[in-house]
Amino acid sequence: MTMALAMAGVGSAAQTPSPPAATERQTSPRPPAPKGPSLGRPASDAEIAAIDVSVGPDGAGLPPGSGTPKQGAEVYATKCIACHGPEGANGVNDRLAGGQGTLKSATPVKTIGSYWPYATTVFDYVRRAMPYPAPHSLSDAEAYAVTAYLLHLNGIIAADEVMDATSLPKVKMPNRGGFTSAFKPGR
Amino acid sequence: MVKPKTHDLEPVAGNGLLHRRLFLTGSLAGLSLLRAVPLSAQQNVPDWMKAPGGPLRPYGERSPHESSVQRLVGPMPGTTGSGSSRTPLEFLEGMITPNSLHFERNHSGVPDIPPAQHRLVIHGLVRRPLTFELEALTRYPLISRMHFIECSGNSTALYAAQPAQAGAGAIHGLVSCAEWTGVPLGTLLDEVGVRPEGRWLLAEGADAAAMSRSVPMEKALDDAMIAMYQNGERLRPENGYPMRLLLPGWEGNTNVKWLRRLKVTAAPSMTKDETSKYTDSLPDGTAMQFTFPMGVKSVITSPSGGLKMQGAGLYQISGVAWSGAGRIRRVDVSADGGKTWAPAALSAPVLPKALTRFRMAWRWSGGPAVLMSRAVDDTGAVQPSREALLGKRGATYRYHFHALQCWAVAATGEVRNVYV
């Protein structure tokens, strides 16, 4: 099975055009064909879609569906409260709400409201990893709803605001400007 | 047996430090270091010589007399598999960490992945998205490299105002070093054909957290590896079986374990573990993000906190040094709290982005002493004092602590962590 798939990969690589001559390559933006063994097989759109769960800060990758803080409160009360505490505080695991205005103090309280720069990250993380005992058990609508509830707990969106693929990337997080990248490309 | 020359035993720095020549020339053979085990009595045949020993075994285990050497396990509340376990540095020697003692940092436990069902998919801003079976990847030209991995949260206890009373492993044990074997990531990226706008990769694991980090394309094309073997055997489950990303010298969590997906993107994906965690808070309330390389660092592992000296006399100071920027160039050791220093012997091989073992001979007077080590890497970066590090960063930085570690030896022989 594995061998057959690998051979399919070889076949597919063989169909790609042969590399241009050296003189052409200098003027063409097209990179040379792979020099490696080419033992991968083409990944189909369906195969990629089945595992591509990531959401970018621009909202790329957000699925259909929507949720409100009110709906999210119900999910939170059954799936999240045991670890994160009532209203996102005083749980045994990470505090999720409050802490705004503490980042300059000796004991900064880092929560979604005080620290996280992007609202999309909340949805991405809830969908890929939460609730801790049963990740991937929430529907996309439930993930939107829990995200909405957590944003509302932090005073970032109103109680009746609907979070979906359009509205979530537009949410302005309080600490959006609080980060500097230490990585400088090309250095 | 070569007897040490008298001048080899003369101090080179304060409070009893002896010349590293002792380690460089092998003249230690004639010395009775206090680590040495006394000779057995010649007359008595021990029990284990009076009958044939134990059976051959298909899979080896260490001596039962060493079973107390364990990782220091610290799960997060309510979990058994998340959190970290630390390498007991004070009980190990050399540069390689045994696989059973390599540190762990897991974000949602250790998955049990059947290798035939695992895939690595590379997609996104590429010309030919490809799926790789494990079996296919093992048929690529493999490379082997010795590299440390260090969690960026290692040694974070030393940001605290009071020195933690803990041993070298408990404080610094989120670093380990292994020989990793795998496929250069650049080979696979060449095959998928990265589009010019693809400047980052999202690396994602197949654990229950689907742990994910964004990695710059520069690093992926430099020395990144898809590692499948660890010290000659397949990766341990807790270190990413069947495959992990290896980014030599970069903070541990970017070396994504159980790697299942690499998505080429134009910009960072801003995942939870590069925004809410693994970002470094500054006194002005802002934070640094993507502080990838681990700083030049060293720690004396013997003697160290929790160990006890066995009376005045000749000792071996031993420790490890490393840098995410390259090779260790030198390590200086002090026995008088930093007043005087002398260079330690570096044990070959000294490899880039790998643990380097350093050693120093020391005649302990039996009086108080403060032992310190200070590493310099081949970029010229010098391991800073704690005071200098905190002066620059503040105490809430939390990650990337790489300042000098100081161990105070009391007249009783007890060793403890101190700030000087």
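Everything that follows concerns the structure shown earlier in this document.
Conventions we followed
Residues numbered from 1 in each chain as written. Chains lettered and ligands numbered in written order. Predicted model: local features only at pLDDT ≥ 70, side-chain atom pairs only at ≥ 80, totals over all residues. Heavy atoms only, no water. Buried < 20%, exposed > 50% of the residue type's maximum accessible area, 1.4 Å probe, protein only. Helix = DSSP H or I, 4+ residues; strand = E, 2+ residues; numbered from the N terminus. Arc of directions from axis to C-beta. Contact = heavy atoms within 4.5 Å. Disulfide = S-S within 2.5 Å. Buried area = accessible area lost by both parts, 1.4 Å probe. Salt bridge = Lys/Arg side-chain N within 4 Å of Asp/Glu carboxyl O. Polar contact = N/O pair within 3.5 Å; in protein donor to acceptor, adjacent residues only side chain to side chain. Phe/Tyr/Trp six-rings, centres within 6.5 Å; stacked < 30°, edge-to-face > 60°. Lys NZ or Arg CZ within 6 Å of the ring centre and 35° of its normal. Core = buried A, V, L, I, M, F, W, Y, C linked by side-chain atoms within 4.5 Å. Pairing = 2+ DSSP bridges. Axes fitted to C-alpha atoms, helices over the stretch in contact; angles between N-to-C directions.

Draft legend 1. Looking closely at helix H6 (residues 386-393) of chain B. All names here are of chain B. Listed in full, the buried residues belonging to H6 are Arg386, Leu389, Leu390 and Arg393. Across the axial projection of H6, the buried residues extend over an arc of 90°, all falling on one side. Residues of H6 that are exposed and point over 90 degrees away from its buried face: Glu387, Gly391 and Lys392. Check the buried side of H6 and you find it contacts strand S16 (280-281).

Draft legend 2. Spotlight on the state of the cysteines. Residue and element names in this part refer to chain A. What the rule picks out here adds up to zero disulfides over all chains. Distance from the sulfur of Cys80, which forms no disulfide, to the nearest cysteine sulfur (Cys83) is 8.8 Å. Note on Cys80: relative accessible area 14%, which makes it buried.

Draft legend 3. Representation of the interface of chain A and chain B. Counting from both sides, the interface comprises 53 residues of chain A and, opposite them, 61 residues of chain B. The junction of chain A with chain B conceals about 4,700 Å² of combined surface from both sides, 57% of it contributed by carbon and sulfur atoms. Our enumeration of links across chain A and chain B arrives at five salt bridges. Scanning the region where chain A abuts chain B turns up 22 residue pairs in polar contact (both at pLDDT 80 or more).

Draft legend 4. Spotlight on the packing of aromatic side chains. Within the structure shown, the criterion is met by 17 aromatic pairs over all chains. When the centroid spacing of 5.1 Å and the interplanar angle of 55° are considered together, the rings of Trp200 of chain B and Phe290 of chain B count as tilted. Here Trp200 of chain B, found in strand S10 (residues 200-205), pairs with Phe290 of chain B, found in the loop between strand S17 (287-289) and strand S18 (297-302); they are 90 residues apart in sequence, far enough to count as distant. On the basis of relative accessibility, which here comes to 4%, the residue Phe290 of chain B falls in the buried class. An aromatic cluster of at least three residues, connected via ring pairs, comprises Phe183 of chain A together with Trp200, Trp250, Phe290 and Phe292 of chain B. Over the ring of Trp341 of chain B we find Arg374 of chain B, and its NZ or CZ is 4.0 Å from the ring centre.

Draft legend 5. Region of the structure containing the nonpolar core. Residue and element names in this part refer to chain B. If you look at the biggest cluster of nonpolar residues, it comprises 45 residues, and the most contacted ones within it are Leu17, Ile317, Trp362 and Val409. Among the elements that take part in this core, strand S19 (residues 313-322) stands out by supplying five residues, more than any other. With 38 residues, the next largest nonpolar core counts Val192, Trp200, Met211 and Val264 among its residues.

Draft legend 6. Fine view of the sheet that holds strand S6 (residues 119-124) of chain B. Strand order in the open sheet made by the six strands is S1(A)-S7(B)-S6(B)-S15(B)-S10(B)-S11(B), with mixed pairing throughout. Strand pairing shows two members of the sheet lacking a second neighbour, strand S1 (41-42) of chain A together with strand S11 (212-216) of chain B, which therefore form its edges. Of the pairings in the sheet, the one linking S10 of chain B to S11 of chain B comprises five bridges and is antiparallel in character. What sits directly across from Leu202 of chain B, in S11 of chain B, is Ser214 of chain B.

Draft legend 7. Highlighting the environment of Leu101 of chain B. Residues and elements named next belong to chain B. Topologically, Leu101 is positioned in the loop between strand S4 (83-86) and strand S5 (104-106). With 14 residues separating them in the primary sequence, Leu101 and Thr87 have C-alpha atoms 5.5 Å apart. If we ignore the near neighbours within four places in the chain, the residues touching Leu101 are Val69, Gln70, Arg71, Thr87, Pro88, Leu92 and Ser176.

Draft legend 8. Structural context of the sheet that holds S5 of chain B. All names here are of chain B. With respect to topology, three strands assemble into an open sheet ordered S3-S4-S5, the strand pairing being antiparallel. Across the chains shown, the open sheet's two edge strands, defined by having one partner strand only, are strand S3 (72-75) and S5. Averaged over all pairs of adjacent strands, the angle between their axes in this sheet comes to 5°, without regard to strand direction. With four bridges joining them, S3 and S4 adopt antiparallel strand pairing. If you follow Leu72 over to S4, its bridge partner there is Arg86.

Draft legend 9. Inspection of the pattern of salt bridges at higher detail. Taken as a whole, this structure holds 27 salt bridges over all chains when the rule is applied. Here Asp94 of chain A makes a salt bridge to Lys277 of chain B, at a shortest N to O gap of 2.5 Å. Here the residue Asp94 of chain A occupies a position in the loop between helix H5 (81-84) and helix H6 (119-129), and Lys277 of chain B occupies one in the loop between strand S15 (259-265) and S16, the pair thus bridging two chains. With a relative accessible area of 32%, Asp94 of chain A lands in the partly exposed category. Salt-bridge contacts for Arg199 of chain B lead to Glu218 of chain B; the nearest nitrogen and oxygen are separated by 3.6 Å. Taken together, the positions of Arg199 of chain B in the loop between helix H4 (185-192) and S10 and Glu218 of chain B in helix H5 (residues 217-222) put the pair 19 residues apart, joining distant regions of the chain. Residue Arg199 of chain B is classed as partly exposed on the basis of its relative accessible area, which comes to 37%. Since its relative accessible area comes to 27%, Glu218 of chain B is described here as partly exposed.

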